[in-house]
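Residue-level listing of the chains:
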Amino acid sequence: MTATIELKVNGQNHHLDVDPDAPLLLILRNNLGLKAAKFGCGLEQCGACKILVDGQAVPSCATPLSAVANADITTLEGLGTPANLHPLQRAFLAEQAAQCGYCTAGLIITAKALLDKNLQPSRAEICEALDAHICRCGTHNRIICAIQRAASEMAR
Amino acid sequence: MSIDPLIRFSTDGHVTLMIAHVEIGQGILTAVAQIAADELDINFTRILVERADTERTPTASYTSGSNSIQIIGSAFRQAAADARHLLLAKAAAALQAPVESLRLTDGTITDGEKETTYWALQGDQLFGETELGVGQPKSSEEYTLVGQPIPRLDLPAKIAGTPSFVHDLCLPDMVHGRVIRPPTYASTLESIDENTAASLPGVIAVVRDGSFLGVLAEREEQAEKAAEALRQNARWHVQPLPAYESLYTDLLAKTSQDFLVVDGVPQDGPVPPIETPANAVQTLEATYRKPYHMHAALGPAAAAALWQDEHLNVWSHTQGVYPLRGSLASALDLDDNQVRVQHLEGPGCYGHNGADDVALDAALLARARPGRPVLLKWSRADEHGWEAYGSAMLVKTQASLDEHGQICDWNHDAWSYTHSSRPRPMAGASNLLAARYREKPLPPPTPKPGKGSHGGIHRNADPLYAFARRRVVKHFVPDSPLHTSALRGLGAVGNVFAIESFMDELATAIKADPIEFRLRHLDDPRARAVIEAAAQEANWRSGRRGNGQGRGQGLGFAQYKNAKCYVAVVFDVEVDTASGQIHLTNTAIAGDAGQIINPDGLANQLEGGVLQAASWTLKEQVHYGPDGVTSRDWDTYPVLRFAEIPPVSVKLLDQPGAPSLGSGEATQGPTPAAIANAVFDAVGVRLREMPFTPERVKAALTQPQ
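Model, not experiment: these values are computed from the prediction.

1. Some remarks on the environment of Ile126 of chain A
All names here are of chain A.
Logical step 1: Within the secondary structure layout, Ile126 lies in helix 5 (residues 123–129).
Logical step 2: For Ile126, a count of 24 C-beta atoms within 10 Å puts it in the buried group.
Logical step 3: Placed 15 residues apart in sequence, Ile126 and Ala111 show a C-alpha to C-alpha distance of 7.8 Å.
Logical step 4: Apart from residues lying up to four places away in sequence, Ile126 is in contact with Leu114, Pro121, Ile144 and Ile147.

2. Some thoughts on unusual backbone geometry
Logical step 1: The linkage connecting Met690 of chain B with the following residue, Pro691 of chain B, adopts the cis geometry, with an omega of -5 degrees.
Logical step 2: The topology assignment puts Pro691 of chain B in the loop between helix 15 (670–683) and helix 16 (694–702).
Logical step 3: Not every positive phi belongs to a glycine, and Asn10 of chain A is a case in point at roughly 50 degrees.
Logical step 4: A positive phi is found at Asp173 of chain B, a non-glycine position, where the angle reads about 70 degrees.
Logical step 5: Considering the arrangement of structural elements, one finds Asp173 of chain B in the loop between helix 4 (155–160) and strand 7 (175–180).

3. Thoughts on the interface of chain B and chain A
Often the size quoted for an interface is simply the accessible area lost on bringing the parts together.
Logical step 1: Each partner contributes residues to the interface: chain B has 48 residues there, and chain A has 47 residues.
Logical step 2: Secondary-structure elements contributing two or more residues to the side of chain B that touches chain A are helix 4, helix 6 (220–233) and helix 14 (599–618) of chain B.
Logical step 3: Element by element, the count of residues in the side of chain B that touches chain A is highest for helix 14 of chain B, at eight residues.
Logical step 4: For the side of chain B that touches chain A, the residue count by class is 22 nonpolar, 13 polar and 13 charged.

4. Some words on the packing of helix 4 (residues 104–117) of chain A against helix 6 (residues 140–155) of chain A
Residues and elements named next belong to chain A.
Logical step 1: Contact pair helix 4 / helix 6: the axes reach a minimum separation of 11 Å and the direction vectors enclose 40 degrees. Considering the angle they form, helix 4 stands oblique to helix 6. Considering the relative orientation of helix 4 and helix 6, their crossing is right-handed. Across from Leu107, Ala111 and Leu115 in helix 4, the residues of helix 6 making contact are Ile143, Ile147, Ala150, Ala151 and Met154.
Logical step 2: The class makeup of the residues in the contact of helix 4 with helix 6 is eight nonpolar, no polar and no charged.

5. Here's the deal with the domain arrangement of chain A
All names here are of chain A.
Logical step 1: Once the domains are mapped, chain A shows domain 1 (3–78) and domain 2 (87–155).
Logical step 2: Relative placement of domain 1 and domain 2: their C-alpha centres are 21 Å apart.
Logical step 3: With 14 residues of domain 1 at the contact, the number on the domain 2 side is 14 residues.
Logical step 4: For the side of domain 1 that touches domain 2, the elements supplying multiple residues, two or more each, are strand 3 (50–53) and strand 4 (56–59).
Logical step 5: Ranked by residues supplied to the side of domain 1 that touches domain 2, first place goes to strand 3 with three residues.
Logical step 6: A per-class count over the side of domain 1 that touches domain 2 returns nine nonpolar, three polar and two charged.

Cut-offs applied
- Residues numbered from 1 in each chain as written.
- Chains lettered and ligands numbered in written order.
- Predicted model: local features only at pLDDT ≥ 70, side-chain atom pairs only at ≥ 80, totals over all residues.
- Helix = DSSP H or I, 4+ residues; strand = E, 2+ residues; numbered from the N terminus.
- Buried ≥ 20, exposed ≤ 12 C-beta atoms within 10 Å, placed from the backbone.
- Contact = placed C-beta atoms within 7 Å.
- Nonpolar A, V, L, I, M, F, W, Y, C, P; charged D, E, K, R; others polar.
- Axes fitted to C-alpha atoms, helices over the stretch in contact; angles between N-to-C directions.
- Parallel < 35°, antiparallel > 145°, perpendicular 65-115°, else oblique.
- Left-handed = near helix turned anticlockwise from the far one by under 90°.
- Domains from an automatic or database assignment.

Below you can see the structure in the form of structure tokens.
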């Protein structure tokens, strides 16, 4: 069963004729071609699919499309572009804060939501914010350093 | 021989490296690019990398065993040196100047007056057959890129979020696939009402082949719904699994094939019994246990496949495009030249997980709809339940000390299942999962014990220490209740956990400092140096262990395979005796990987490996029972989270001019031992079974040691 859904993603309005029960993640990836957010578990346990909905970092894997019809959605692609990276992305590069890179997009999204509220987060506050995320390659310390680096750059 | 399969020049001023080994997050593409650019005397930005592809890159086996930098690093170094040599000779002829008078900078060659370039001299031309080894590779003093922390080539795209993974593939007319697995390995499909799924919106086909069941739909969410409908009404004849609680008694009760291991190599013939020497004044024994662990990649396995004109094209995050091509061809009764496998990256897993299996799944669905590319992703439950696990292990140690406190006899008996079932082409059998469920099944081959140096179970079973006498025995058990294969470190995880824990137990027995005790049994100066460097990095408190008040420090050491990177790890821990929680408060690593290619890449490998192994040590165990594997998500298979991660510092001991040594798996064994030793230092109890859960810590605290 399909319906017409209006979706605002990265500042652009989209009219989509899709199943309103479809997970938001699949629509972002397959209809809008925004591949940054990743499928990790479909259970909201790992953080790989995080996006910003009205400024809050939330998982998109189990959110039905209909629940976000009037929301303002931002994906990693909306934060920065390869030619004009967000300070968090620059910091992740500077710290080489990845191995496989599958967790990266979700982490940067959560870090963005954190820094929007707190531009001087402690290590403990960063870890608490990232509690719903998993990195299987063990780059946690680099990720924490990258977020601290971005915070100090953004505070300037 | 020829340079052409590895290195291609172009008129536009780029050099393309054809790298058949694959990027798995370890940074191999960047490291090889550094080596080649250095030998060619060109700027790093001129390097392009072509990914593994059976129609483009040279034949290669799996990217595994911490072998890549040694195998392909050397190959590219020599090929690049040869290319440089041949192009300098061409330049000499073109400029009519002696080679000795030429200067080479970023591909531009001059005699001081006239100049030419690689791009003018070689353009898009191939070298053809050339003599291998005509070029003299640079000495370590001449390197300008090797040894530098060059940023990874693959990270900008991943950090920008542009498509980088198989999962992100978008092909014209692509459809989406899902598979429905049985409850347990040996279960069979009794009945399925295909119509309930076939009539759902967007469903293209339900594919049943014996007990293999899959579905194709136009859209991904439609494939999900159809798969769920099939899952609901599939009736399986279930062959129960044993329960995980009897894991180690089952392992010891089964018939094993036993081999004495000498200098890291299993020997045929009878295994001698343990004989305590006459000069023994004290003999200790202990048993260590490691459960099944998961790769548990963050993204479930995925593959794309297209069947067209009797040819199969596969896009895969396999660690070996050639072995997968051959395995797919033999499983599908095709010729190798009917199959092309192209590598695209996947979520990191450091070993053999479901990446190859999902490729056969995708191929089987693609054959049902020729001409339409199929992207197939496993679910989280598929990934947790159907990957090839790191094998469970049990190690018994017994050692004697003489009157001087030296180890005069050492015994190590390791029991485990196979650590190697990567797919290879074979007749009448297949290691690709779906093959065993088809109408005409190909069963998995009977596992065979590896006989090579430091193979699976006996990897790092033979300690690097100098002991007066040693007896190391591998007990290979063929029939594992769970599907197992290579997980980062293989047998080294259980073996080094046992060896390095037991070294601490022996040191404690004679009230010696664990580091001093190790050093007095260690001749290799590089081994001694990493232990001393880690101790310094961690501000090691010398003295005997086990009388602590909740805070402790412990060390683990190994040289991977006794031939690769040397690593010592020191953990600081705090143990909450009320809750049994172990808090990792600090970690120091020292590593010697020979000549360092990329220090930041090496540090990333070492620190990442330590944290992965720390997660195994504190949290991870695959649970299973009659109904199948019950660790099916991140709640039922918990891993370390950010708040539980210690700060990690890494000290690298560079060895300019020495061979580079593989480092990717070097930390996996020392880590669990270092944590166990730190816990003993903290609260005086010895943990010999992974994972060190709060329940186990509390139980140990209430038992007399």
